Amino acid sequence: MLAKSRFTHPEYGEIEITRNPRARRIILRVRPDALYITLPLRATEKDLAKALDECGGRLKAQQQLMQRPVIDYSFRIDAPLFKFSIEPATRDKFSIRREGERTTLLCPATASLADERRQEWLRKIILNAMRERAKEVLPARLQQLAAMHNLHYTSVSLRDSRTRWGSCSSRGTISLNIHLVLLPQTLVDYVLLHELCHTVEMNHSERFWAKLDTLVMGDSRALRKILRGYKCSF
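These figures come from a predicted structure and were not determined experimentally.

## Concerning the overall build of the protein
And step 1. A tally of regular secondary structure across the protein gives five helices and eleven strands.
And step 2. Considered along the principal axes of its C-alpha atoms, the protein spans approximately 60 × 55 × 25 Å.
And step 3. Put simply, the protein has 234 residues, and 44% of those count as buried.
And step 4. A sequence separation of at least 24 residues applies to 44% of the contacts in the protein between residues at least 6 apart.
And step 5. Split by element, the accessible area of the protein, about 13900 Å² in all, is 50% carbon and sulfur.

Structure, rendered in structure tokens:
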């Protein structure tokens, strides 16, 4: 007999757990309505917590893919650093218009946007526009903050990641997520300063948080909590 339970997890949303006497390992499946987990009878809460911790990045990425909005003429991105919209065009070809932080995709009036291939193409267009905007603003802002606080890094790169806003290697190489341009400027600066602090403290020790606190007016923990409410996607 299968024993089931369902609850709301603060990080993963709805979770349904099934204990199956035939299960030999923990199985996690992401579906649109919930995260479904099959447990062996002898699995403990500690075993479940470990499985979620180990697979957390992959699970969140899959959840985000399933929750992606349909891209049509009503689709908008209206962040301070990056704005995107789709408008009908009089011409019979797709074209892109860029004006500062604003990118507009002009579509032929007869073009269908609904099919799956066109949706994936539209996402690539948006990601490319996002990457171009990230190149314009993120490295310059990182350099500005580093000079302001006398911190030093080796190089900076931009990536499309679904799980991390940024990272810093032991050699001082900083990697930034292009989705940072979707955040408010305060959170962008928090992430950049977070990675800059790793150039002197390569961990999340008390000394690291103390250093970061001096750069964000003591608000590092509060900003971290706010950042968790944002997704590395659109």
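Anyway, onward from the coordinates.
## A look at the sheet that holds strand β11 (residues 173-177)
And step 1. Strand order in the open sheet formed by three strands is β9-β11-β10, with mixed pairing between adjacent strands. Where the open sheet ends on each side, the last strands, each with one partner, are β9 (155-159) and β10 (166-168). Within this sheet the neighbouring strands show an average axis-to-axis angle of 15 degrees, counted without direction.
And step 2. Contacting β9 and β11, helix α2 (residues 116-148) runs over the sheet at an angle of about 150 degrees to β9.
And step 3. Its contacts with the sheet put helix α3 (residues 185-197) on β10 and β11, and the angle it makes with β10 is roughly 15 degrees.

## Quick notes on the environment of L212
And step 1. For L212, the location among the structural elements is in helix α4 (residues 206-215).
And step 2. Put simply, L212 and R171 are 41 residues apart on the chain and 19 Å apart in space, counted from C-alpha to C-alpha.
And step 3. Ignoring sequence-local partners within four residues, the contact set of L212 consists of Y190, L193, H194, C197 and S220.

## What about the layout of surface pockets?
One simple way to see leftover space: roll a probe sized like a water molecule over the atoms.
And step 1. Considering only enclosed or pocket space, the largest pocket measures out at about 1200 Å³ in volume.
And step 2. Lining the largest pocket are 43 residues, with E11, K60, T163, W165 and R228 positioned closest to its centre.
And step 3. For the lining of the largest pocket, the secondary structure elements donating two or more residues are β2 (13-19), β3 (27-31), β4 (34-39), α1 (45-66), β10, α3 and α5 (220-227).
And step 4. Per element, the largest residue contribution to the lining of the largest pocket is nine residues, and it comes from α1.
And step 5. A per-class count over the lining of the largest pocket returns 16 nonpolar, 14 polar and 13 charged.
And step 6. The volume enclosed by the second largest pocket comes to roughly 180 Å³.
And step 7. Lining of the second largest pocket is provided by 13 residues; of these, F7, I17, R19, L39 and L48 occupy positions nearest its centre.
And step 8. Secondary structure elements with two or more residues in the lining of the second largest pocket: β1 (3-9), β2 and α1.
And step 9. A per-element tally of the lining of the second largest pocket places β1 first, with five residues.
And step 10. Residue composition of the lining of the second largest pocket, by class: seven nonpolar, three polar and three charged.

About the thresholds
Residues numbered from 1 in each chain as written. Predicted model: local features only at pLDDT ≥ 70, side-chain atom pairs only at ≥ 80, totals over all residues. Heavy atoms only, no water. Helix = DSSP H or I, 4+ residues; strand = E, 2+ residues; numbered from the N terminus. Buried < 20%, exposed > 50% of the residue type's maximum accessible area, 1.4 Å probe, protein only. Contact = heavy atoms within 4.5 Å. Areas by Shrake-Rupley, 256 points an atom, 1.4 Å probe, with all protein chains shown as cover. Pairing = 2+ DSSP bridges. Axes fitted to C-alpha atoms, helices over the stretch in contact; angles between N-to-C directions. 1 Å grid on protein atoms, 1.4 Å probe; cavity = no way out; pocket = protein on both sides within 12 Å on 5 of 7 lines; lining within 4 Å. Points joined across faces, edges and corners; volume = space filled by probe spheres on them. Nonpolar A, V, L, I, M, F, W, Y, C, P; charged D, E, K, R; others polar.

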